[in-house]
Amino acid sequence: MLVCGLDFGTSNTAVALPTGAVLSLDEKAPQPRLFRSVLFFPEDSRETLAGHEAIERYQEDNAGRFIQSMKTWLPATTFTRTQLRGRTLSLEELIAVFLRRVRTLASASAGEEVSSVVLGRPARFSTEAKTDAFAEARLKQAATLAGFTDVRFVIEPIAAALAYESTLTRDEVVLVADFGAGTSDLTVMHLGPSRRGRADRKSDVVASSGVYVGGDRFDSAIMKSALLKYFGQGSTYTVGHSTQRLPMPSYISSRLLSWNEMSLIREKTTRELIDLMLESSDRLPAIEALNDLVMENLGFRLYRAIERAKVELSTKKEARIDFEEARITIHETITLEAFEAATTHLIDELEVCTDELLARLPKDLTIDSVFLTGGSSQVPSVQRLFARKFGNEKLRTADAFTSVVEGLGRAAASTFSD
Ligand SMILES: Nc1ncnc2c1ncn2[C@@H]1O[C@H](COP(=O)(O)OP(=O)(O)OP(=O)(O)O)[C@@H](O)[C@H]1O
Ligand SMILES: [Mg+2]
């Protein structure tokens, strides 16, 4: 029986052994060690697909239920159950379906049944202690349902820091900043040779904070600033024989800012509104594009194109979005400058959160280094913010995608040795 560390991320999931070695979970995926945190239940079969395979199948034929960002629902007390293939599933059961698949793949990859797990969890699921405990209990229940017999938690920034700590030769006070898809978590902690290897590291944490700024919101900002014009923003329409032209309601555009909220537009009243606009809009091609985006469920694909452009902007001065599907034709160049102008509010939110955290630190404490991790740590303006606040020489990075899981694997070694 094997123990392992498991990072169940909003967009990526990974599993590591106690040595810190990250398991290859899916050889067919572009990045075999990163398993996309998604499920797809095709309408025309009883199969349940997960990870890269789910994305591939959904892209071929999107009839069915595609589920992503499950982790962000954990603290939502209003989200308790969902209907799937005529069955009612609790959120715990749904996440268990995903985690069971991950456990099976990890066991196959390791050549031994994975039984116990150290699971990562955000520094804070919620600022409310009760909600935070509720979210953790649900995740624990899901892992148990997935067949893990012993489930323990380590907060993600601590896990990320453990990988960094293994490289340290003297003690340091470190700000660990993990920028994921859904949230950014900041934790100030003591690290170093004198503390390494302790089973419980909670007492090494000086302070922590978190904010809902992550890759998903950077994607939404691209949609909002550059692409809404392709979907009728600013257009007008008329009702009946009235000569008065009405602007397209802003709630329609705001639902386009996250691909999984787009389906709400298919509700009857909005559907009727789109039909009205299809008859009388002053920008018919854009309303046709809106109609197809929503009715043909193309939001996921569009957001993949947006994400690709964002990733490109981490190393280039401009990126193109070329998207032609149904009656949607987008050819747009996004410059780094425009991207940064559209995302200053996110950088500001990160700065406010960082300042609040720093203000809570004991006066005599100085930060020796700042460890940046998580996919969104690659965004140049995120790196610049921390370079400006702490100095370039204090910034440290490791593999943005695997440092958390490596640390969870190492934590599994010490946690289950007692
Ligand atoms: N090169 C890049 N430049 C900018 N953003 C990137 C890059 N590569 C990945 N991302 C973004 O990083 C995010 C995924 O990061 P990561 O895998 O660390 O998140 P996660 O662990 O799944 O989420 P969370 O920690 O919030 O639960 C996505 O939003 C993705 O678009
Ligand atoms: Mg993460």
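To be clear, the structure that these remarks concern was listed above.
The following refers to the structure shown.

The rules behind each value
- Residues numbered from 1 in each chain as written.
- Chains lettered and ligands numbered in written order.
- Predicted model: local features only at pLDDT ≥ 70, side-chain atom pairs only at ≥ 80, totals over all residues.
- Heavy atoms only, no water.
- Helix = DSSP H or I, 4+ residues; strand = E, 2+ residues; numbered from the N terminus.
- Polar contact = N/O pair within 3.5 Å; in protein donor to acceptor, adjacent residues only side chain to side chain.
- Pairing = 2+ DSSP bridges.
- Axes fitted to C-alpha atoms, helices over the stretch in contact; angles between N-to-C directions.
- Contact = heavy atoms within 4.5 Å.
- Expected span 1.5 Å × (residues − 1).
- Parallel < 35°, antiparallel > 145°, perpendicular 65-115°, else oblique.
- Nonpolar A, V, L, I, M, F, W, Y, C, P; charged D, E, K, R; others polar.
- Patch = residues over 30% accessible without salt bridge, like charges linked within 9 Å, V, L, I, M, F, W, Y side chains within 5 Å.
- Areas by Shrake-Rupley, 256 points an atom, 1.4 Å probe, with all protein chains shown as cover.
- Salt bridge = Lys/Arg side-chain N within 4 Å of Asp/Glu carboxyl O.
- Lys, Arg positive; Asp, Glu negative; His and termini not counted.
- Charge placed at Lys NZ, Arg CZ, Asp CG, Glu CD.
- Buried < 20%, exposed > 50% of the residue type's maximum accessible area, 1.4 Å probe, protein only.
- Near = heavy atom within 4 Å.
- Core = buried A, V, L, I, M, F, W, Y, C linked by side-chain atoms within 4.5 Å.

### Side note on the environment of Arg152
Moving on, step 1. Summarising the element assignment, Arg152 is placed in strand E10 (residues 150-155).
Moving on, step 2. A polar contact of 3.1 Å, which involves the side chain of Arg152, links it to the side chain of Asp150.

### Brief notes about the sheet that holds strand E19 (residues 395-397)
Moving on, step 1. Pairing is mixed in the open sheet, where 5 strands are placed in the order E13-E12-E11-E18-E19. Two strands bound the open sheet, and with one partner strand each, they are strand E13 (205-211) and E19. Here the average twist between neighbouring strands, direction ignored, is 20°.
Moving on, step 2. Sheet topology places strand E12 (residues 184-191) next to E13; 6 bridges connect them, and they run antiparallel. Directly across from Leu186, in E13, lies its bridge partner Ser209.
Moving on, step 3. With respect to the sheet, helix H4 (residues 156-165) is in contact with strand E11 (172-179), E12, E13, strand E18 (369-373) and E19, its orientation differing from that of E12 by roughly 50°.

### Re helix H3 (residues 129-145)
Moving on, step 1. Taking 1.5 Å per residue as the helical rise, H3 with its 17 residues ought to reach 24 Å, and the 24 Å between its terminal C-alpha atoms agrees with that figure.
Moving on, step 2. On its buried side, H3 packs onto strand E1 (2-8), helix H2 (91-110), strand E9 (114-121) and E10.
Moving on, step 3. A positive backbone phi angle near 105° is found at Gly147, which sits one or two residues after H3.

### Quick look at the packing of H4 against helix H13 (residues 403-415)
For any two helices packed against each other, one specifies the inter-axial angle together with the distance between the axes.
Moving on, step 1. Packing of H4 against H13 brings their axes to within 7 Å, and their N-to-C directions diverge by 85°. Between H4 and H13, the crossing angle belongs to the class labelled roughly perpendicular. Between H4 and H13, the residues in contact are Glu156, Ala159, Ala160, Leu162 and Ala163 and Ser403, Val404, Glu406, Gly407, Leu408, Arg410 and Ala411, respectively.
Moving on, step 2. A class-by-class count of the residues in the contact of H4 with H13 yields 7 nonpolar, 2 polar and 3 charged.

### Digging into a negative patch on the surface
Moving on, step 1. A cluster of acidic residues, Glu43, Asp44, Glu53, Glu56, Glu60 and Asp61, forms a negative patch at the surface.
Moving on, step 2. Here Asp61 lies in the loop between helix H1 (51-60) and strand E6 (64-68).
Moving on, step 3. The class of Asp61 is partly exposed, set by a relative accessible area of 38%.

### A closer look at the site of ligand 1
Moving on, step 1. Close to ligand 1 lie 20 residues; Thr10, Ser11, Glu307, Lys310 and Ser314 are nearest.
Moving on, step 2. Between ligand 1 and Glu307, the relevant distance is 2.5 Å, taken from an oxygen atom to a side-chain nitrogen or oxygen of the residue.
Moving on, step 3. Taking 660 Å² as the accessible area of ligand 1 by itself, protein coverage stands at 92%.
Moving on, step 4. In terms of residue count, the dominant contributor to the shell around ligand 1 is helix H9 (residues 299-312) (3 residues).
Moving on, step 5. Each residue belonging to the shell around ligand 1 can be placed in one class, and the counts come to 4 nonpolar, 13 polar and 3 charged.

### Some words on the sheet that holds strand E3 (residues 35-36)
Moving on, step 1. An order of E3-E2-E1-E9-E10 is seen for the 5 strands of this open sheet, with the pairing classed as mixed. Looking at strand neighbours, the two that pair on one side only are E3 and E10, the edges of this open sheet.
Moving on, step 2. Pairing of strand E2 (residues 12-16) with E3 involves 2 bridges; the strand directions are antiparallel. Residue pairing across strands places Asn12 opposite Arg36, the latter belonging to E3.

### Thoughts on the pattern of salt bridges
Moving on, step 1. Applying the stated rule across the entire model yields 22 salt bridges.
Moving on, step 2. Measuring nitrogen to oxygen at the nearest pair gives 3.5 Å for the salt bridge that ties Glu288 to Arg327. With a gap of 39 residues between them, Glu288 in helix H8 (residues 284-295) and Arg327 in the loop between strand E16 (318-325) and strand E17 (328-335) connect regions that are remote in the sequence.
Moving on, step 3. On the basis of relative accessible area, Glu288 is assigned to the partly exposed category, the value being 22%.
Moving on, step 4. Judged by its relative accessible area of 42%, Arg327 is partly exposed.

### With respect to the nonpolar core
Moving on, step 1. Core analysis: the largest hydrophobic core is formed by 71 residues, its most contacted members being Met223, Phe231, Leu256, Ile321 and Phe386.
Moving on, step 2. The contact partners of Phe386, leaving out residues within four places of it in the chain, are Leu175, Phe179, Leu186, Thr354, Val370, Leu372, Gly391 and Leu395.
Moving on, step 3. In this structure, Leu84, Leu91, Ala143 and Ala146 belong to the second largest nonpolar core, which totals 36 residues.

### Brief notes about the packing of H1 against H9
Moving on, step 1. Interaxial distance between H1 and H9 falls to 10 Å at its minimum, and their mutual angle equals 120°. The pairing of H1 with H9 is recorded here as oblique in orientation. Counted together, Ile55, Tyr58 and Gln59 of H1 and Phe300, Arg301 and Arg304 of H9 form the full contact between these two elements.
Moving on, step 2. Across the contact of H1 with H9, the residue classes break down as 3 nonpolar, 1 polar and 2 charged.

### Quick notes on unusual backbone geometry
Moving on, step 1. Even without being a glycine, Asn297 presents a positive backbone phi close to 60°.
Moving on, step 2. Inspection of the secondary structure assignment puts Asn297 in the loop between H8 and H9.
Moving on, step 3. When its relative accessible area of 18% is taken as the criterion, Asn297 is described as buried.
Moving on, step 4. In this structure, Ala326 takes a positive phi of about 45° despite not being glycine.
Moving on, step 5. Here Ala326 shows up in the loop between E16 and E17.
Moving on, step 6. Since its relative accessible area comes to 47%, Ala326 is described here as partly exposed.

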